[in-house]
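Okay, here's what each chain looks like letter by letter:
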Amino acid sequence: MSAAVQYRRHRNSRLVRALAAAGTGAALLALPLVGATSAAAATTTAVTAAGTPAGYPNTLDGWIRESLAIMAQKGIPGTYNGIYRNIIRESSGNPAAINLWDSNAAAGIPSKGLLQVIDPTFKAYHVAGTSFDIYDPVANITAACNYAAARYGSIDNVFGAY
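As the structure is a computational prediction, the values presented were derived from the model and not from experiment.

**Looking at the overall build of the protein chain**
- The secondary structure content of the protein chain amounts to 7 helices and 2 strands.
- When the elements of the protein chain are put in sequence order from the N terminus, they spell out α-α-β-α-α-β-α-α-α.
- Across the 162 residues of the protein chain, 44% fall into the buried class.
- Put simply, 54% of the contacts in the protein chain that link residues at least 6 apart link residues at least 24 apart.
- Per element, the accessible surface of the protein chain, about 8700 Å² overall, is 57% carbon and sulfur.

Structure follows, in structure tokens:
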């Protein structure tokens, strides 16, 4: 769900350019520095750069891989590519993204997090063993994939707003 694009000059643009020039792997590294362009950032606890409690890197790649491990244990279908594609479309990889303009927001339940889930959907499809914080990247991904599996068969079958 895209929101109005707000362009802002970033102080770290020299760093981003340097990382991008270093190679393809740097693009993934630079993603959290750039932030979301399609949703406003919510005021939540900042995500640290070390690692997740499960030992995965505390990056978009690590969050997706940790979610996939949980999904495999719970029998929730989905692939890395399907999750990544939807995250980039929904939040540009920003775990604090919040949509303040669509019909859900107008109804008082804005879409939140990496996969832009609303609170009632998050609660209904929350996966045991993950955080109850909708902004927690792993909990958000896993709940959204659980919802997509129930509604569409898999997150891999989602190609637009869901």
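Next comes the rest of the account.
**Details of the packing of helix α3 (residues 60-74) against helix α7 (residues 137-152)**
- Running from N to C, α3 and α7 point in directions that differ by 50 degrees, and their axes come no closer than 9 Å. Judged by the angle between their axes, α3 and α7 are oblique. Judged by the sense of rotation from one axis to the other, the crossing of α3 with α7 is right-handed. For the pair α3 and α7, the contacting residues are Trp63, Ile64, Glu66, Ser67, Ile70 and Met71 in the first and Pro137, Val138, Ile141, Thr142 and Cys145 in the second.
- Grouping the constituent residues of the contact of α3 with α7 by class yields 8 nonpolar, 2 polar and 1 charged.

**Describing the side chain of Thr142**
- Examined against the element boundaries, Thr142 turns out to sit in helix α7.
- One polar contact links the side chain of Thr142 to the main-chain carbonyl oxygen of Val138, over a distance of 2.6 Å.
- Not counting residues within four places of it along the chain, the set of residues in contact with Thr142 comprises Ser67, Ile70, Met71, Ile76, Val127 and Thr130.

**Details of the nonpolar core**
- Core analysis: the biggest nonpolar cluster contains 28 residues, and Ile83, Ile87, Leu115, Val117, Ile141, Cys145 and Tyr162 have the highest contact counts within it.
- When contributions to this core are tallied by element, the ones reaching two or more residues are α3, α4 (80-91) and α7.
- Looking at this core element by element, the count peaks at 9 residues for α7.

**Notes on the environment of Leu68**
- With respect to the secondary-structure elements, Leu68 resides in helix α3.
- Assessed through its relative accessible area of 21%, Leu68 is described here as partly exposed.
- Not counting the four nearest positions on each side in its chain, Leu68 is found in contact with Gly78, Thr79, Tyr80 and Ile83.

**A short note on unusual backbone geometry**
- Of note in this structure, Ser92 is not a glycine but carries a positive phi near 60 degrees.
- Within the secondary structure, Ser92 sits in the loop between α4 and β2 (97-98).
- For Gln116, which is not a glycine, the phi torsion comes out positive at approximately 50 degrees.
- Tracing the sequence through the fold places Gln116 in the loop between α5 (103-106) and α6 (119-125).

**What about the pattern of salt bridges?**
- In this structure the tally under the stated criterion is 3 salt bridges.
- Across the pair Arg89 and Glu90 runs a salt bridge, and its minimum N-O distance is 3.0 Å.
- For Glu90, a relative accessible area of 0% corresponds to the buried category.
- Of the charged contacts in the structure, one is a salt bridge between Lys112 and Asp119, with a shortest N-O distance of 3.0 Å.
- A residue is classified by how much of its surface remains accessible, and Lys112, at 14% relative accessible area, is buried.
- The partly exposed category is assigned to Asp119, whose relative accessible area is 23%.

The rules behind the values
- Residues numbered from 1 in each chain as written.
- Predicted model: local features only at pLDDT ≥ 70, side-chain atom pairs only at ≥ 80, totals over all residues.
- Heavy atoms only, no water.
- Helix = DSSP H or I, 4+ residues; strand = E, 2+ residues; numbered from the N terminus.
- Buried < 20%, exposed > 50% of the residue type's maximum accessible area, 1.4 Å probe, protein only.
- Contact = heavy atoms within 4.5 Å.
- Areas by Shrake-Rupley, 256 points an atom, 1.4 Å probe, with all protein chains shown as cover.
- Axes fitted to C-alpha atoms, helices over the stretch in contact; angles between N-to-C directions.
- Parallel < 35°, antiparallel > 145°, perpendicular 65-115°, else oblique.
- Left-handed = near helix turned anticlockwise from the far one by under 90°.
- Nonpolar A, V, L, I, M, F, W, Y, C, P; charged D, E, K, R; others polar.
- Polar contact = N/O pair within 3.5 Å; in protein donor to acceptor, adjacent residues only side chain to side chain.
- Core = buried A, V, L, I, M, F, W, Y, C linked by side-chain atoms within 4.5 Å.
- Salt bridge = Lys/Arg side-chain N within 4 Å of Asp/Glu carboxyl O.

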